[in-house]
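The chain contents come next:
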Amino acid sequence: MAEKKNIENEMPDKDEAIKIFEPVLSPEFDVFRNKIQAITKNAPQLLHIEGGSAETRTSFAHYYAALFFCQTPEACFQDMEKEFAYGDLIKPCFHCAECYKVAAHMHPDLLVFDSREAHIDIDSMRELKKLANEPPRYAKKRLILFLETQKLSAFSGNAILKVLEEPNPYNQYVFTMSQREMILPTLLSRGFVMTLPWKDPIHELTDLEKEWEQILGKFFHSGSGLMDKTGTKGTIDGEIAKIICGILQKNFAHAMAGRNDYVLASMFSAIPFHHLFEANERVVLCYEMINLMVNPTYCIESLLTELFVYFKKIGLK
Ligand SMILES: [Zn+2]
């Protein structure tokens, strides 16, 4: 995590920490909990979790980690009327020290890289490479989570791929992403993909997101309307800038997946895949700049102007 936790002074509150498991425990995910419990029995070196929302993907990744490390797992009696039946499954207890350490990111054999909180850079890769060659400290396995990898640059993606390619029987990896089209195909193909149910994004959009979708659509179409918005001082703070990046990434992914019933996605669907990857790479860089506290209005204006020129150059109408 981005913020450093001093283990002695700042142990996160247990009740607070284990809230990370709440989304996964919702009844709508009964079947998916069974699925991930079954996956743990024969865990792949690399598991991808796509679909749902960032919150549910993150929750599932931590649930999977708790399944790995929990000291007092409980038998899980399945409802046999459910679609999936996998035999004897276990679930984490959520009470033992290990479950707590997983939730609080303090487990020595759990590494968490969250693209939303900190740029996954050369230093992170160095840390990963060094640890990946050592046996785990306490558990039989080490679990490495990369959260929200749609915000990974191709450079970081390739660096992770190199580490993955060095066989190490101790290490297992989880990647979460909005959808599989958003990550390097070479990374995707090495893993098993679990897909959570998609939310209907149109109904999930906030008024702010709807407004920005319209502004972006108009801007990419005509090159106008953006400065009216960004010209007002303070309109774009870091949070709004990230929302704009998120809208772009979501719609690139929809376009790549052929979901064209969204205005922006249908516009982007005319763009060949490799150009969408290129455009996504620029959004990733913009995201990194915002995280580095570069002025958000400047970041967004540069990004959108650059994308506008790029889209025109490759013939987007
Ligand atoms: Zn436990």
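Cut-offs applied
Residues numbered from 1 in each chain as written. Predicted model: local features only at pLDDT ≥ 70, side-chain atom pairs only at ≥ 80, totals over all residues. Heavy atoms only, no water. Pairing = 2+ DSSP bridges. Helix = DSSP H or I, 4+ residues; strand = E, 2+ residues; numbered from the N terminus. Axes fitted to C-alpha atoms, helices over the stretch in contact; angles between N-to-C directions. pLDDT = per-residue confidence, 0-100. Contact = heavy atoms within 4.5 Å. Domains from an automatic or database assignment. Buried area = accessible area lost by both parts, 1.4 Å probe. Salt bridge = Lys/Arg side-chain N within 4 Å of Asp/Glu carboxyl O. Polar contact = N/O pair within 3.5 Å; in protein donor to acceptor, adjacent residues only side chain to side chain. Donors = N, O, S within 2.8 Å, 3.2 Å for Na, K, Ca; no water. Tetrahedral: all angles 85-135°; square planar, octahedral: opposite > 155°, others 65-115°. Buried < 20%, exposed > 50% of the residue type's maximum accessible area, 1.4 Å probe, protein only.

Chemist: Please set out the sheet that holds strand 7 (residues 192-196) residue by residue, giving values where relevant.
Modeler: Reading across from one edge, 4-5-6-1-7 is the order of the five strands in this open sheet, with parallel pairing throughout. One side of each edge strand has no neighbouring strand; the edge strands of this open sheet are strand 4 (110-114) and strand 7. Across this sheet, the average inter-strand angle for adjacent strands is 15°, counted without regard to direction. With five bridges joining them, strand 1 (residues 46-51) and strand 6 (residues 171-177) adopt parallel strand pairing. By the bridge assignment, Leu46 is partnered in strand 6 with Tyr173.

Chemist: Residue-level account of unusual backbone geometry, with values.
Modeler: Its identity as a non-glycine residue notwithstanding, Phe94 has a phi of 70°, on the positive side. With respect to the secondary-structure elements, Phe94 resides in the loop between strand 3 (89-91) and helix 4 (97-103). One non-glycine residue, Glu148, lies in positive phi territory at about 55°. Take Glu148: it is sitting in the loop between strand 5 (142-147) and helix 6 (154-165).

Chemist: Please provide a residue-by-residue account of the confidence of the model for the protein chain, values included.
Modeler: Predicted coordinates in areas of low pLDDT are best not read in detail. With 90% of its residues at a pLDDT of at least 70, the protein chain reaches an overall mean of 85. Here residues 1-8 scores under 50 on pLDDT; set against residues more than four positions off or in separate chains, the count is 11 contacts. Every residue in residues 80-84 scores below 50 in pLDDT, and together they form seven contacts with partners more than four places removed in sequence or on other chains.

Chemist: Lay out the domain arrangement of the protein chain in plain terms, naming residues and giving numbers.
Modeler: Taken as a whole, the protein chain is organised into domain 1 (7-196) and domain 2 (202-313). Summarising the inter-unit geometry, the C-alpha centres of domain 1 and domain 2 are found 29 Å apart. Taken together, the 14 residues of domain 1 in the interface contact 14 residues of domain 2. Buried area between domain 1 and domain 2, summed over both chains or domains, comes out near 1200 Å², and the portion from carbon and sulfur atoms is 56%. Taken together, the links from domain 1 to domain 2 amount to zero salt bridges. Remark: the boundary between domain 1 and domain 2 carries three residue pairs in polar contact (both at pLDDT 80 or more).

Chemist: How would you sum up the coordination of the zinc ion? Please name residues and give values.
Modeler: Donor atoms from the polypeptide that coordinate the zinc ion comprise Cys70 (SG), Cys93 (SG), Cys96 (SG) and Cys99 (SG), at 2.3 to 2.4 Å from the metal. Considering all four donor atoms around the zinc ion, angles at the metal cover 102 to 118° and the coordination shape is tetrahedral. Mapped onto the polypeptide sequence, the residues donating to the zinc ion form the spacing pattern C-x22-C-x2-C-x2-C. In terms of burial, Cys96 and Cys99 fall into one category: buried.

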